[in-house]
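Coordinate analysis (summary)
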Amino acid sequence: MNGLHLNDVLDRNRPAEPEALRRGAEELRLAIIDLIDGAGLGHYSSTFSIAELLTVLYRRTMRLKQGDPAWPDRDRFLLGKGHAAVGLWPLLAELDYFPADWLSDFGKLGAPLTDHPNMRTTPGVDFSSGSLGHNLSVGIGMALAARLQKRDYRTFVILGDGELHEGQVWEAAMAASHFKLGNLVAIVDANGSCATGSTSSVMNIEPVAGRFAAFGWAASDIDGHDIAAIIKAFDTLPDPGMSVPTCIVARTLKGKGVSFMEETPRKWHLGFLGSEDRARAPRRKSGKGSEHGGSGRRFFIHRGRG
Amino acid sequence: MGEAVDVFSFTAGEAEVDGGESIGAALAKLGDERPDIVVVAPDLSGAPIAAIFAARHPERVFDCGIAECNAMSVAAGLAASGYIPFVLQMGAFSALKCAEQIRTDMAYTQLPVRILSAWSGLTMAYFGTSHHAVEDIAITRAIAGLTVVAPSDPHSALALLRSTLDHPGPVFFRIASGDEPRLYKGIPSVARGQFLRLHEGRDATIIATGLAIHWAFAAASMLEGEGIQIGVLDAVYLKPLDEAAILEAAWETGRILTVEEHNVAGGLGTAVADVLARNGAGAKLSVHGLPDEHLLVARPAELHAHYGLTPEGIVEKIRTLLEAR
């Protein structure tokens, strides 16, 4: 699918074109809809908010090896917000980490691909998750292991912004700078929404970057759907041998790309499109000059009724 | 002027055992042999169980400060990267506070983390209910894929440390102070899922764990003088549980007393009752431990006496059990 062969090393910051990555994120959203279609239930909107981030990480930024999910020098990826795992499966299949036909069994009894990631059933999952607040700590363990083994892999952890309510995140934030882990990158999916309301109306987390900075991290905000901004942030990460961990606060839209999910994102945190909506979707909008400056088609699914 | 209360120190693991080794020294020695062993601790890297290792291998010790849950998940991340982390935790805060990190990050993932849960039971009881560690057997036994062991003296601790070193999943060590008097003359040979037999007997069997095995053994010796033969089994493995030994005790002696420094709800006694009931073994069972209520706060020895967790208290329980029809 990506024109690569087994055991090809995929270097960091590969020359993937921004336009191809933007299209890749759109295709990922479509693949997610297909997967949830088969399963009958899934997390749409909080996966759509990280489609661009996942696409850039797996198709450009992270150092990986085609077909070898256990390669010791690979960059690690942890999905703290494990409910977005459905967005990982098409990307891991593309890397030949498991047979592509596993995708059709997603969510079925005993199937290896599950709603939350399980490292014991799915090659390419670097750690299991499902309980919010644990994976940044686990990432510290992996980053410490890299130091002990004198390896230069990076460990990336995507956290939800609601996940920042968990106290353990701040125990980990304190420890990461204390241990001088410049090989650790936290990405906060700041989609502004948790189960009850807007994230900060339920419990204020702002200023996110300011808080991480106060804990000793290099932290900054980007537009989490702007491919060029994501590329720039990832391409300019400090050398893993440096001593300050990096936090990228990605401002995103929960449900990005689907009009009715963007409008009522919490309704689509966990749901099922159903045959009527599914039959009308996807619809792609053509046009130039999208809001992020891309020149091609802009992916958008419109609600077909009401 | 009152007397200074000398009920607790961080000396756990300092006691010397055969060959001049303490638990701390043994851990350091394992660290010399195995570069894949690391130590993670929440503000406990200076405690004797960790300190010798820390002096010898400072680069492999990660003190996470007073953040127990973070320490557990950091250890899991190290284990997922090829290391065998020993996490030193205070008994009152390990299973109870970090149950979810143990379940989700170590057991569900089947990673080789070793939790050294020290100062368990009433070891720190003087400090209040917050420091009573009397729920950990119930919590840890309910976690699938977790091995639970309870050394009763430094020798059995060493045996369990070494014999579980290459077990692929997580292991929870329920340790009292770590420097209990010696019960075993040398390092006993332990097998996964098996109790250790300390005394033969035909009239009844005591199955006890941790500190309680010391009182049980003393009680059996006292009764022996009266011609009463009590078998004593040391439940060094709490999970997997030695079902065969429990059933054998039921069939051979017909009467079983369990003793533990743990809430009687969900502890060793509950586990033994479950085995007997599931197998239709008609033995008479008496469960002796701490009542399911908020315990008094005092020096451990005073509490042990109050709750009958003494050789004399156990003798009394045995007499009642022997009288039961």
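Anyway, here's the lowdown on the structure attached to this text. As the structure is a computational prediction, the values presented were derived from the model and not from experiment.

The rules behind the values
Residues numbered from 1 in each chain as written. Chains lettered and ligands numbered in written order. Predicted model: local features only at pLDDT ≥ 70, side-chain atom pairs only at ≥ 80, totals over all residues. Heavy atoms only, no water. Helix = DSSP H or I, 4+ residues; strand = E, 2+ residues; numbered from the N terminus. Rg over C-alpha atoms; globule rule 2.2 N^0.38 Å. Buried < 20%, exposed > 50% of the residue type's maximum accessible area, 1.4 Å probe, protein only. Contact = heavy atoms within 4.5 Å. Pairing = 2+ DSSP bridges. Axes fitted to C-alpha atoms, helices over the stretch in contact; angles between N-to-C directions. Phe/Tyr/Trp six-rings, centres within 6.5 Å; stacked < 30°, edge-to-face > 60°. Lys NZ or Arg CZ within 6 Å of the ring centre and 35° of its normal.

With that out of the way, let us pick up the overall build of chain B. For chain B, the helix and strand inventory stands at 11 helices and 12 strands. For 325 residues, the compact-globule estimate of 2.2 N^0.38 gives 20 Å, and the C-alpha radius of gyration of chain B, at 19 Å, lies within 12% of that figure. On the principal axes, the C-alpha backbone points of chain B span a range of 60 × 55 × 40 Å. Looking at chain B residue by residue over its 325 residues, the buried ones come to 62%. For chain B, contacts bridging at least 24 residues in sequence account for 80% of all contacts bridging at least 6.

Before going further, it helps to examine the sheet that holds strand 9 (residues 230–234) of chain B. Whenever strands of a sheet pair, they do so through backbone hydrogen bonds, lying parallel or antiparallel. Residue and element names in this part refer to chain B. Spatially, the five strands line up as an open sheet ordered 7-9-8-11-12, and their pairing is mixed. The sheet is open, and its two borders are formed by strand 7 (196–199) and strand 12 (284–290), each paired with just one other strand. Strand-to-strand twist in this sheet, taken as the mean axis angle between neighbours without regard to direction, amounts to 25°. Sheet topology note: the strand 7/strand 9 ladder contains three bridges and is antiparallel. By the bridge assignment, Arg197 is partnered in strand 9 with Leu233.

Next up on the list: the sheet that holds strand 4 (residues 155–160) of chain A. All names here are of chain A. Taken together, five strands build an open sheet; the order of strands is 3-4-5-7-6 and the sheet is parallel. The sheet is open, and its two edges are formed by strand 3 (76–79) and strand 6 (218–223), each paired on a single side. Averaged over all pairs of adjacent strands, the angle between their axes in this sheet comes to 20°, without regard to strand direction. Examined bridge by bridge, strand 4 and strand 5 (residues 184–190) share six bridges and lie parallel to one another. Residue pairing in the sheet places Ile158 in a bridge with Ile187 of strand 5. Helix 3 (residues 51–61) contacts strand 3, strand 4, strand 5 and strand 7 (246–251) of the sheet and is inclined by roughly 170° relative to strand 4.

Attention now goes to the packing of aromatic side chains. All names here are of chain A. One pass over the full model with this rule turns up 11 aromatic pairs over all chains. Consider the rings of Trp170 and Phe215, whose centres lie 5.2 Å apart with planes at 50°: the pair is tilted. Here the residue Trp170 occupies a position in helix 6 (residues 167–178), and Phe215 occupies one in the loop between helix 8 (208–214) and strand 6, the gap between them amounting to 45 residues. Accessibility expressed as a relative area gives 27% for Phe215, which makes it partly exposed. The ring centre of Tyr153 lies 3.8 Å from the NZ or CZ of Arg76, which sits over that ring.

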